[in-house]
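Below, each chain spelled out in residue letters.
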Amino acid sequence: MEFEKRKAATLASIRSSVTDKSPKGYLDEPIVPLLETINHHPSYFTTSSCSGRISILSQPKPQSTNPSTKKKARGGSWLYITHDPADPESIIDHPTSELVFRFEPLIIAVECKDVCSAQFLVATAISAGFRESGITCCGEGKRVIIAIRCSIRMEVPLGDTEKVMVSREYVRFLVDVANEKMVANRKRTDGFGLALLSSGFKNPDNGNDVDEDDNFESLAENQESSINNGDLHPGLHQDLMPLSTISITGEPVEKLHLWGHSACTINKTDRKEVIVFGGFGGFGRHARRNESMLLDPSCGTLKLVTVNESPSPRLGHTASMVGDCMFVIGGRADPLNILNDVWMLDISKCEWSSQRCIGCEFPPRHRHAAASIGSNVYIFGGLNQEKVLSSLHLLDTKNLQWKEIEQRGQWPCARHSHDMVAYESQFFMFGGYNGEKVLDDLYSFDVKSCSWKLEVVSGKWPQARFSHTMFVYKHVIGIIGGCPVSQNCHDLVLLDLKHRMWRSVRLDFMNKELLVRSTASVIGDDLVVIGGGAACYAFGTKFSEPVKINLLQSLTMSENHAPPQHEDASVDVKTEASLSKPCVIQLERKYAKLGKDILKNFGWLDLERKLFHEKQLLSKDLEGSEDNHLTSQLTKGLSLKEITSSVALNLLKELGATKLTNVAVEAKKVAKSPLQRMKEAITSILNQKGLPEELLDELPQKWERLGDIVVLPVTSFKDPAWSSISEEVWSAVAISLSANRLARQGRVEANGTRDSTLEILVGDDGWVDHRENGILYSFNATKCMFSWGNLSEKLRMGNTACENEVVVDLFAGIGYFTLPFLVRAKAKMVYACEWNPHAIEALRHNVEANFVSDRCIVLEGDNRITAPKGVADRVCLGLIPTSEGSWVTAIQALRPEGGILHVHGNVKDSDVSSWAEHVSKSLREIARAEGRSWEVTVEHLEKVKLYAPRIRHLVADVRCR
């Protein structure tokens, strides 16, 4: 009762006319609805809050030089403060003491009824972008307090009365930055409020709330719908499906306390195991892992797989079984190191091997999804730094070749943290996050036709979610867990593919399992769920225990709880069966949006059709406020996600819905690929100008991106006829490819500086910012060449262990390998040699932009003259087709005790062995001529890319000792 007493006293104080302890004396207006939503829940109340503010704080100068004195202890006063975007002209002209300009985002302190309630609210806040949220006070006999907050703050000193350090222009710049942060803060705040409402919190303005112990009356004939003790599931009370905790023997169970890991099933007659790899957490100090473990769910035996080598520690990767081999793709090694490597584990031999793949570029990514069909692994979406991806790639595991699939049909939007599973010749994908909202769509992809389809099925549609897990059992696709964490994510959701209907069964979460970024593997009739959890700021982390769920029993329970169908002869829209055949529903215009929402929610709306009628029956949607109020009245406060199908049919009846005949229904136009749009636009131009359609053969089938420049291949649009219509063509291509700037690649000049001949077709200049592997490359693309194919080699150089090494890069260019050595490999010093003036300009800019200029010395001119001697632990010779002209320089640059050379060259497939022998023999002779008694050996040959048919770009790692 103490919690209830404190809550009553706090809320009485908030709602009284007496001013509070804040400087202005009352709550910040922008977050009043959010605070009321939280305070209306029986398990929470807010104790303090700020919606976010821009301010200038005047602080007295420190009287003590004691560094331990905190700023806050010095006192001070606000000279300017606003909880809205600031007006630059309102900022004061001159400081009167030591001044600090600040932006501080939303912060709310909430007292919670118990730790479980706190964990739920923290997880919801983190999912909405408040990633520093956490439990700040918790313990035996203590109040449970959480803080909801994020890190988009800023604090900049302006100056004092003795010396003004900034100009008015700089203050305006600071205000613009702070205003951008204020807008981002508002978006996160609104998203947090919506996440609470979708998770069962009630809006106190809708007038339909009840106490948690009240029951609703029947909403539909022969069916009860209740909310009792926090139960957010209307309909018949379901039996809970128990979860069986797996008792682990062998290795400590803490090794399975993971999230973001992968798990694959070994499902043989004599071997039923789950193999687990990577993830975050584990035994001891929580960290990214690269352990391989085998779990036998029948007896709980967990053993560590002894391997000769393994992939680097990571999370957010995928693992797919193809025969006896498990393929691990991508993931995140650290916040800046997003991976695109491919590793294969031979299950029979327990041996890992890194796979060097050919084909198209596969950009780094994590939080993507994968499904294997036959010998092919399909990858969709994912996250690369801030970029959310929408590409579909195929890895042919027989030939180790990447292909980007040209997608047809109803193409899904970009997303990450989704999941997908294979069923026969299709794979199915559900949910995810697109950077702005959580998704609840279901897509299928047919590998034979290479076509996407947005699936429409009956039954109660699952809640939108991300970081969930999918699986296949017999003719059923299952979904479990996910975020936002809510009552609905405690269901096991099952899609019956035979009847095309959603079903679900409630799980008995005895230990408060948090199945976020967990894995689900089917062994016989059991679903083995491993890991999952969340991080709480200042409280630590929570991991779920490994559990089993009997799928046969779950399927039976879900069928028993399928909603009954009702008939009502008084209306045209009677039962779900009455909507099973194609028909058209007529509604009054003011109910159009609500009716469409109901139909869509239960999978009854055919999204592939559009409606034509004399009076345009379902016309443009109205504003949502009237519909929301009507929905709340008709459903007694429940959302459409919470009602049953029979209640939905009654809603349509209340809205006056009737079925119509003789109404024209046409198929909607499906989404077109960029290539299709470009081909149609160019065909139209050719027809208008009377030019032959044979010119379409020169349209590019692929293109690349440098920052905001789309680069067409050198072979495209080469016929002289294009020059007469070039302005129209380039504009049409740019629009088709959604390009701000358009360029065409040229041949690299065969001169010593290897200048670029890229031609800008749309846009003013060629300067571009291109981010790769967490490194920013800025350069003039019309003057400096850039190779996408060297991505894997730059990543490899960035992963070398050279923290205490001096590196000499003899062909630095714009920093292709210099920057990975400095930014990622943390080299002690890099001497960067370059003689192209355009590349030097970009190189100097890039070492500054990546904050590594203090560890880089740029040497301008011929490296045979400028390169240092006797200083290097490692020398990079990144010039193709050959770097042999600087081999003597490289030997001279190494320290007397030797070091490593990375020798690049273009080599015919038939000459690889002889080239490696030539490299080692030649370098050995050069070393001897320089008076060095070294052993020279080629330790590794790296295949970077195919440069031309049967010609490979190779790198020989040469050890001189």
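Residues numbered from 1 in each chain as written. Predicted model: local features only at pLDDT ≥ 70, side-chain atom pairs only at ≥ 80, totals over all residues. Heavy atoms only, no water.

1. Topic: the overall build of the protein chain
Within the protein chain one finds 16 helices and 60 strands. Expressed as a percentage of its 961 residues, the buried residues of the protein chain come to 52%. Within the protein chain, contacts between residues separated by at least 24 positions form 64% of all contacts whose residues are at least 6 apart in sequence. Accessible area of the protein chain: about 44,300 Å², with a carbon and sulfur share of 49%. (Helix = DSSP H or I, 4+ residues; strand = E, 2+ residues; numbered from the N terminus. Buried < 20%, exposed > 50% of the residue type's maximum accessible area, 1.4 Å probe, protein only. Contact = heavy atoms within 4.5 Å. Areas by Shrake-Rupley, 256 points an atom, 1.4 Å probe, with all protein chains shown as cover.)

2. Some remarks on the nonpolar core
In terms of nonpolar packing, the biggest core is built from 40 residues, with Phe101, Val110, Leu121, Ile146, Ile148 and Phe192 touching the most fellow members. Mapped onto this core, the elements with two or more residues apiece are α2 (32–39), β2 (53–59), β4 (98–104), β5 (107–112), α3 (115–127), β7 (144–148), β8 (154–159) and α4 (168–198). A per-element tally of this core places α4 first, with 7 residues. Setting aside chain neighbours within four positions, we find Ile146 in contact with Ile108, Ala109, Val110, Cys112, Ala118, Leu121, Val122, Gly134, Ile135 and Thr136. (Core = buried A, V, L, I, M, F, W, Y, C linked by side-chain atoms within 4.5 Å.)

3. Concerning helix α6 (residues 592–601)
One full turn of an α-helix is made of 3.6 residues, so residues set three or four places apart face in the same direction. Among the residues of α6, Ala592, Leu594, Gly595, Ile598, Leu599 and Asn601 are the ones counted as buried. With its phi angle positive at about 75°, Gly603 sits one or two positions after the end of α6.

4. Focus: the sheet that holds strand β19 (residues 318–322)
In space, the 4 strands of this open sheet follow the order β19-β20-β21-β22, with antiparallel pairing throughout. Across the chains shown, the open sheet's two edge strands, defined by having one partner strand only, are β19 and β22 (351–355). For this sheet the average axis-to-axis angle between neighbouring strands, irrespective of direction, equals 25°. Summarising the sheet, strand β20 (residues 325–334) and strand β21 (residues 337–346) pair through 8 bridges and their orientation is antiparallel. (Pairing = 2+ DSSP bridges. Axes fitted to C-alpha atoms, helices over the stretch in contact; angles between N-to-C directions.)

5. Side note on the sheet that holds strand β18 (residues 301–304)
Here 5 strands make up an open sheet; going across it, the order is β11-β18-β17-β14-β13 and the pairing mixed. A single partner strand is all that each edge strand has here, and the edge strands are β11 (249–250) and β13 (262–268). Relative to strand β14 (residues 271–277), β13 runs antiparallel, the two being bridged by 7 bridges. Following the sheet pairing, Thr265 is matched in β14 by Val274.

6. Digging into the side chain of Ser55
As for its placement among the helices and strands, Ser55 is situated in strand β2. Among the residues examined, Ser55 registers a relative accessible area of 0% and is labelled buried. Among residues more than four places away in sequence, those in contact with Ser55 are Trp78, Tyr80, Ile81, Val100, Phe101, Arg102 and Glu104.

7. Quick word on the pairing of strand β33 (residues 438–446)
Taken together, the 7 bridges between strand β32 (residues 426–433) and β33 define a ladder with antiparallel strand orientation. What sits directly across from Phe428, in β33, is Ser444. As paired elements, β33 and strand β34 (residues 451–454) share 4 bridges and run antiparallel to each other. For Asp446, the partnering residue across the bridge sits in β34 and is Ser451. Taken together, β33 and the strand that follows it, β34, pair antiparallel across an intervening segment of 4 residues, in which Cys450 is found at a positive phi of about 55°.

8. Let's talk about the packing of aromatic side chains
Summed over the entire model, instances satisfying the criterion amount to 18 aromatic pairs. Through successive ring pairs, a cluster of aromatic residues spans Tyr378, Phe380, Phe427, Tyr443, Phe445 and Trp452. Geometry around Tyr777 places Lys794 over its ring, the cationic atom sitting 5.3 Å from the centre. (Phe/Tyr/Trp six-rings, centres within 6.5 Å; stacked < 30°, edge-to-face > 60°. Lys NZ or Arg CZ within 6 Å of the ring centre and 35° of its normal.)

9. Focus: the environment of Ala867
Summarising the element assignment, Ala867 is placed in the loop between α14 (863–866) and β57 (874–877). By relative accessible area, Ala867 is classed as buried at 10%. When residues no more than four places from it in sequence are discounted, the contact partners of Ala867 are Leu810, Cys833, Leu859 and Thr889.

10. Remarks on helix α11 (residues 791–798)
Burial runs high along α11: 7 of the 8 residues are buried. Taken residue by residue, α11 has Leu791, Glu793, Lys794, Leu795, Arg796, Met797 and Gly798 as its buried positions.

11. Notes on the side chain of Thr889
One can find Thr889 in helix α15 (residues 887–893). For Thr889, the contacting residues outside a window of four places in its chain are Leu810, Asn863, Arg864 and Ala867.

12. Concerning the confidence of the model for the protein chain
Any residue range with low pLDDT should be treated as having predicted coordinates unsuitable for detailed reading. Per-residue confidence for the protein chain gives a mean pLDDT of 81; residues scoring 70 or more make up 80%. Here strand β47 (residues 665–667) stands out as the least confident element of the protein chain, with mean pLDDT 50; strand β54 (residues 806–809) is the most confident, with 97. Confidence drops under a pLDDT of 50 for residues 563–574, and excluding neighbours within four residues, the segment shows 28 contacts in the predicted structure. Between residues 612–626, whose pLDDT stays under 50, and residues either more than four places distant or in other chains, the model counts 23 contacts. (pLDDT = per-residue confidence, 0-100.)

13. Focus: the pattern of salt bridges
Applying the stated rule across the entire model yields 33 salt bridges. In this structure, Arg500 and Glu455 form a salt bridge, with 2.2 Å as the shortest nitrogen-oxygen distance. With Arg500 in the loop between β37 (491–496) and β38 (501–508) and Glu455 in the loop between β34 and β35 (469–473), the pair connects residues that are 45 residues apart, well separated along the chain. Lys689 is paired through a salt bridge with Glu728; the nearest N and O atoms lie 3.2 Å apart. Separated by 39 residues along the polypeptide, Lys689 in helix α9 (residues 674–689) and Glu728 in helix α10 (residues 726–736) bring together distant segments of the chain. On the accessibility criterion, Glu728 (34% relative accessible area) is partly exposed. Put simply, Arg356, Glu793, Arg796, Glu942 and Asp957 are held in one network by salt bridges that share partners. (Salt bridge = Lys/Arg side-chain N within 4 Å of Asp/Glu carboxyl O.)

14. Quick word on the packing of α9 against α10
One way to put it is that α9 packs onto α10 with a least axis distance of 8 Å and a crossing angle of 160°. Taken together, the axes of α9 and α10 are roughly antiparallel relative to one another. Our pair here, α9 against α10, has a crossing hand that is right-handed. Of α10, the residues touching α9 (which contributes Pro674, Arg677, Met678, Ala681, Ile682, Ile685 and Lys689) are Glu728, Val729, Ala732, Val733 and Ser736. When its residues are assigned to classes, the contact of α9 with α10 shows 8 nonpolar, 1 polar and 3 charged. (Parallel < 35°, antiparallel > 145°, perpendicular 65-115°, else oblique. Left-handed = near helix turned anticlockwise from the far one by under 90°. Nonpolar A, V, L, I, M, F, W, Y, C, P; charged D, E, K, R; others polar.)

15. Some remarks on unusual backbone geometry
Following Ile880, the chain continues into Pro881 via a peptide bond in cis, with omega recorded as 15°. With respect to the helices, strands and loops of the structure, Pro881 is situated in the loop between β57 and α15. Positive phi outside glycine occurs at Leu400, with the angle close to 50°. By the secondary structure assignment, Leu400 is in the loop between β28 (392–396) and β29 (401–404). On the basis of relative accessible area, Leu400 is assigned to the buried category, the value being 18%. The phi dihedral of Cys450 is positive, around 55°, even though this residue is not glycine.

16. What about the environment of Lys828?
Relative to the helices and strands, Lys828 resides in the loop between α12 (818–824) and β55 (829–834). Taking the C-alpha atoms as reference points, Lys828 and Asn804, 24 residues apart in sequence, are found 5.1 Å from one another. In this structure Lys828 touches Cys802, Glu803, Asn804, Glu805 and Arg855, once residues within four positions along its chain are discounted.

17. Brief notes about the environment of Pro820
Relative to the elements of secondary structure, Pro820 occurs in helix α12. Separated by 45 residues in the primary sequence, Pro820 and Ile775 place their C-alpha atoms 7.4 Å from one another. Residues within four places of Pro820 in sequence aside, it is in contact with Ile775, Tyr777, Lys794, Gly798, Gly815 and Ala825.

18. Topic: the pairing of strand β43 (residues 547–550)
Burial along β43 is one-sided: the face carrying Val547 and Ile549 is buried and the face carrying Lys548 and Asn550 is not. In this sheet, β43 lies alongside strand β40 (residues 526–530) in antiparallel orientation, the contact comprising 4 bridges. When the bridges of β43 are listed, Val528 appears paired with Lys548.

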